[in-house]
Amino acid sequence: MSDDDFAELRGLRATRPQAIAEAAARRVRRPLLSDPGDRLMLVAADHPARGALGVRGDGGAMADRYELLRRLRTALRRPGVDGVLGTADVLEDLLLLGELDGKIAIGSMNRGGLQGSVFELDDRFTGYDAAAVARMRFDGGKMLVRIDPDDPASVRTLEASARAVDELAAHGLLAMVEPFLSTRGSSGSVVNDLSTAAVARSVAIAAGLGGTSAYTWLKLPVVADMEAVMAATTMPALLLGGDPSGSPAETYASWGRALAVPGVRGLMVGRALLYPPDGDVACAVDAAVRLVRTGVAA
């Protein structure tokens, strides 16, 4: 991606804001799934809007928007990548750059629970709503649902998420729900409970949100016993990557085991693929695609 591409992007944003709606109107769409056996490989890029810019200990890894867009373009152009999750600023940049034709586009909805804030678990809907997702001709909306039994703010997130599930369903759009049971750690930071029992309980709660589950999918962490987690629901699920800590080989091995569990429909991964240790985005994405399609990373 050249400096000229970015100059044109900045120029459009400054002088022709209507170009975003025009690009959305002419975007070539595709079905979510074409066959009952299909799986999805989606790239997640909604972290910056929640102030979560770190990758592998580098607190500002995702702070450079131009570098993020370069990496997203590389990922989206790799064979087998189905689409992207992002907030409006990211998805609209990609629209203007012509990178969303034939791709699934999922709008990130609640980004109000800023990382490290005292109000982190009051995760209000400050991004897309269902009407905006439908207006942009995107394919669905994703919501983060962190539940702390000791924090009264959690019920507001649950209520808003249930409303979003219903509103997306009314438009015939995918509702991607990402649940966690969370607590405040000894340092005051939010910690997600990744025990099998806690993730299974979060699945049970998330699956019951709203007046219909017809369009609900789940976005779930990979934990020790994914069979027990997926036994908690009949809904399709995508696996998330999170902030990677182990080696890529260990990460891919854990994804491979989880992808073999019935009900798991693919990956929705961001930082682990966009910021691999060796910097080779194409190689990291290709390995993930092979896992999704064949169950083998290499």
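Refer to the preceding data block for the structure.
Because the structure is predicted, anything quoted here is derived from the model rather than measured. (Residues numbered from 1 in each chain as written. Predicted model: local features only at pLDDT ≥ 70, side-chain atom pairs only at ≥ 80, totals over all residues. Heavy atoms only, no water.)

Q: A description of the overall build of the protein should follow, citing residues and the corresponding values.
A: The helix and strand tally for the protein stands at 11 helices and 9 strands. Taking 2.2 N^0.38 as the reference for a compact globule, 298 residues should give roughly 19 Å; the C-alpha atoms of the protein span a radius of gyration of 18 Å, in line with that estimate. Overall, the protein is about 50 × 45 × 40 Å in size when its C-alpha atoms are taken along their principal axes. For the protein, with 298 residues in total, the buried portion stands at 53%. Excluding contacts between residues fewer than 6 apart, the proportion of contacts in the protein whose partners are at least 24 apart in sequence is 70%. With the model as given, the accessible surface of the protein reaches about 12,400 Å², and the carbon-plus-sulfur share is 52%. When the 33 basic and 37 acidic side-chain charges of the protein are each reduced to a single mean position, those positions are 3 Å apart. (Helix = DSSP H or I, 4+ residues; strand = E, 2+ residues; numbered from the N terminus. Rg over C-alpha atoms; globule rule 2.2 N^0.38 Å. Buried < 20%, exposed > 50% of the residue type's maximum accessible area, 1.4 Å probe, protein only. Contact = heavy atoms within 4.5 Å. Areas by Shrake-Rupley, 256 points an atom, 1.4 Å probe, with all protein chains shown as cover. Lys, Arg positive; Asp, Glu negative; His and termini not counted. Charge placed at Lys NZ, Arg CZ, Asp CG, Glu CD.)

Q: How would you sum up the layout of surface pockets? Please name residues and give values.
A: The gaps left among the atoms become clear once a water-sized probe is rolled over them. Put simply, the largest pocket is a space of about 980 Å³. If you trace the largest pocket, you find 40 residues lining it, with Leu240, Gly241, Gly242, Asp243 and Arg271 closest to the centre. Of all the secondary-structure elements, those providing two or more residues to the lining of the largest pocket are strand 4 (140-147), strand 5 (174-184), strand 6 (190-192), helix 9 (248-259), strand 9 (264-269) and helix 10 (271-274). Considering every element that reaches the lining of the largest pocket, the biggest residue donor is helix 9, with 4 residues. For the lining of the largest pocket, the class distribution of residues is 16 nonpolar, 13 polar and 11 charged. Roughly 150 Å³ of internal volume is contained in the second largest pocket. In terms of lining residues, the second largest pocket is bounded by 15 residues, among which Pro248, Tyr252, Pro276, Pro277 and Ala284 are the most central. Ranked by the residues each element gives to the lining of the second largest pocket, the list is headed by helix 9, at 4 residues. (1 Å grid on protein atoms, 1.4 Å probe; cavity = no way out; pocket = protein on both sides within 12 Å on 5 of 7 lines; lining within 4 Å. Points joined across faces, edges and corners; volume = space filled by probe spheres on them. Nonpolar A, V, L, I, M, F, W, Y, C, P; charged D, E, K, R; others polar.)

Q: Could you give an account of the packing of helix 1 (residues 3-15) against helix 3 (residues 65-76), with specific residues and numbers?
A: Axis angle and axis distance: for two packed helices, these are the angle between their axes and the distance between the axes, and together they describe the pair. Direction vectors running N to C along helix 1 and helix 3 enclose 110°, while the axes themselves pass 12 Å from each other. Put simply, helix 1 runs roughly perpendicular to helix 3. Considering only the axes of helix 1 and helix 3, their crossing is right-handed. Between helix 1 and helix 3, the contacting residues are Asp3, Asp5, Phe6, Leu9 and Arg10 on the first element and Tyr66, Leu69, Arg70 and Arg73 on the second. (Axes fitted to C-alpha atoms, helices over the stretch in contact; angles between N-to-C directions. Parallel < 35°, antiparallel > 145°, perpendicular 65-115°, else oblique. Left-handed = near helix turned anticlockwise from the far one by under 90°.)

Q: Give a description of the nonpolar core that names residues and reports values.
A: One finds Leu72, Phe138, Met143, Trp255, Leu267 and Leu273 to be the most contacted residues of the largest nonpolar core, which totals 82 residues. With sequence-adjacent residues up to four places away left out, tryptophan 255 is seen in contact with Val222, Leu239, Leu240, Gly241, Leu267, Val269, Ala272, Leu273, Ala288 and Leu291. Leu42, Leu85, Ile104 and Ile106 belong to the second-largest nonpolar core, a separate cluster that totals 11 residues. (Core = buried A, V, L, I, M, F, W, Y, C linked by side-chain atoms within 4.5 Å.)

Q: So what's going on with the pattern of salt bridges? Which residues, and what values?
A: Any two side chains of opposite charge can pair, on the condition that their charged atoms come close. Within the structure shown, the criterion is met by 23 salt bridges. In this structure, aspartate 93 engages arginine 13 in a salt bridge whose closest nitrogen and oxygen atoms are separated by 2.8 Å. Taken as a pair, aspartate 93 in helix 4 (residues 88-96) and arginine 13 in helix 1 lie far apart in primary sequence, 80 residues in all. When the shortest N-O distance is used, the salt bridge between arginine 163 and glutamate 159 registers 3.6 Å. Residue arginine 163 and its partner glutamate 159 are both found in helix 6 (residues 153-170); the two are separated by 4 residues, about one turn of the helix. A relative accessible area of 41% means that arginine 163 is categorised as partly exposed. Several salt bridges converge on common partners, so that one network encompasses Asp46, Arg111, Lys142, Glu178 and Lys219. (Salt bridge = Lys/Arg side-chain N within 4 Å of Asp/Glu carboxyl O.)

Q: Describe the environment of valine 133, with residues and values.
A: Take valine 133: it is sitting in helix 5 (residues 130-135). Counting along the chain gives 28 residues from valine 133 to alanine 105, while the straight-line C-alpha distance between them is 9.2 Å. Apart from residues no more than four positions distant in its own chain, valine 133 is found in contact with Tyr128, Phe138, Gly140 and Leu173.

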